[in-house]
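# A structural walkthrough
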Amino acid sequence: MLLILPVFFTIIFTIMEMGNLAFQMILLNHATFEVARVAAMTRTPPTLGSPNPREDCPDMIPLMKRIIRTADVVCHAEETYRDEQADVKNKDLVVTGNYSVPLIFPISNLLLSEPRGSGHRMSHATVRMPIERPLKR
């Protein structure tokens, strides 16, 4: 019993911790998608394109923090293709959410944390969203 029980608990706690990490990753993906959707609808290409990605959408950081308190968001615009019909270059808004997920169980903390023993694992989610623009008349 003394030999098997610690191994058994390590396996069980690691499985539960991986479930927690999967849930937190799904939450981060959804939060990043929502921030990208709002940012793509409210941004116009002239307001994007600063050299510092944090300056492209500083007002999206509080929106991300309303969804996940300790998460951070960075976004920037990337040119995609030229729309010949409207005679404009289209842009996508690339939003990256970063979240340091706190780990719950001490045994799996040693196995899954980055850096080892820190109690946290960094997760990243990136979403590309086309920037909506009105058509020219």
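Only a predicted model underlies this, so the values are computations on that prediction, with no experimental measurement involved. (Residues numbered from 1 in each chain as written. Predicted model: local features only at pLDDT ≥ 70, side-chain atom pairs only at ≥ 80, totals over all residues. Heavy atoms only, no water.)

A cluster of nonpolar side chains, Met1, Leu3, Ile4, Leu5, Phe8, Phe9, Ile12, Met16 and Ile107, forms an exposed patch at the surface whose accessible area comes to about 910 Å². Looking at the nonpolar patch element by element, the count peaks at 6 residues for helix α1 (residues 4-42). Tracing the chain through its elements places isoleucine 4 in helix α1. (Patch = residues over 30% accessible without salt bridge, like charges linked within 9 Å, V, L, I, M, F, W, Y side chains within 5 Å. Areas by Shrake-Rupley, 256 points an atom, 1.4 Å probe, with all protein chains shown as cover. Salt bridge = Lys/Arg side-chain N within 4 Å of Asp/Glu carboxyl O. Helix = DSSP H or I, 4+ residues; strand = E, 2+ residues; numbered from the N terminus.)

It is worth spelling out the pairing of strand β1 (residues 72-83) at this point. One ladder, built from 10 bridges, connects β1 with strand β2 (residues 88-102); its direction is antiparallel. Paired with glutamate 78 across the bridge in β2 is aspartate 92. Between β1 and β2, which follow one another and run antiparallel, lie 4 residues, and aspartate 87 among them has a positive phi close to 60°. (Pairing = 2+ DSSP bridges.)

The end-to-end C-alpha distance of α1 is 57 Å, a good match for the 57 Å that 39 residues give at a rise of 1.5 Å each. Those residues of α1 lying buried are Thr14, Glu17, Asn20, Leu21, Gln24, Leu28, Ala31, Thr32, Val35, Ala36, Ala39 and Ala40. On its buried face, α1 sits against α2 (60-67), β1, β2, α3 (106-112) and β3 (120-130). (Expected span 1.5 Å × (residues − 1). Buried < 20%, exposed > 50% of the residue type's maximum accessible area, 1.4 Å probe, protein only. Contact = heavy atoms within 4.5 Å.)

Attention now goes to the confidence of the model for the chain. Per-residue confidence for the chain averages 84 on the pLDDT scale, and 86% of its residues sit at or above 70. Looking at the elements of the chain, mean pLDDT is at its lowest for α3, recorded as 79, and at its highest for β3, recorded as 92. (pLDDT = per-residue confidence, 0-100.)

Further remarks concern the nonpolar core. One finds Met64 and Val95 to be the most contacted residues of the largest nonpolar core, which totals 24 residues. Broken down by secondary-structure element, the contributors of at least two residues to this core are α1, α2, β1, β2 and β3. Examining the composition of this core, we find that 7 residues originate from one element, α1, more than from any other. Setting aside its immediate chain neighbours within four residues, valine 95 contacts Thr32, Val35, Ala36, Val73, Val74, Cys75, Ala125, Thr126 and Val127. (Core = buried A, V, L, I, M, F, W, Y, C linked by side-chain atoms within 4.5 Å.)

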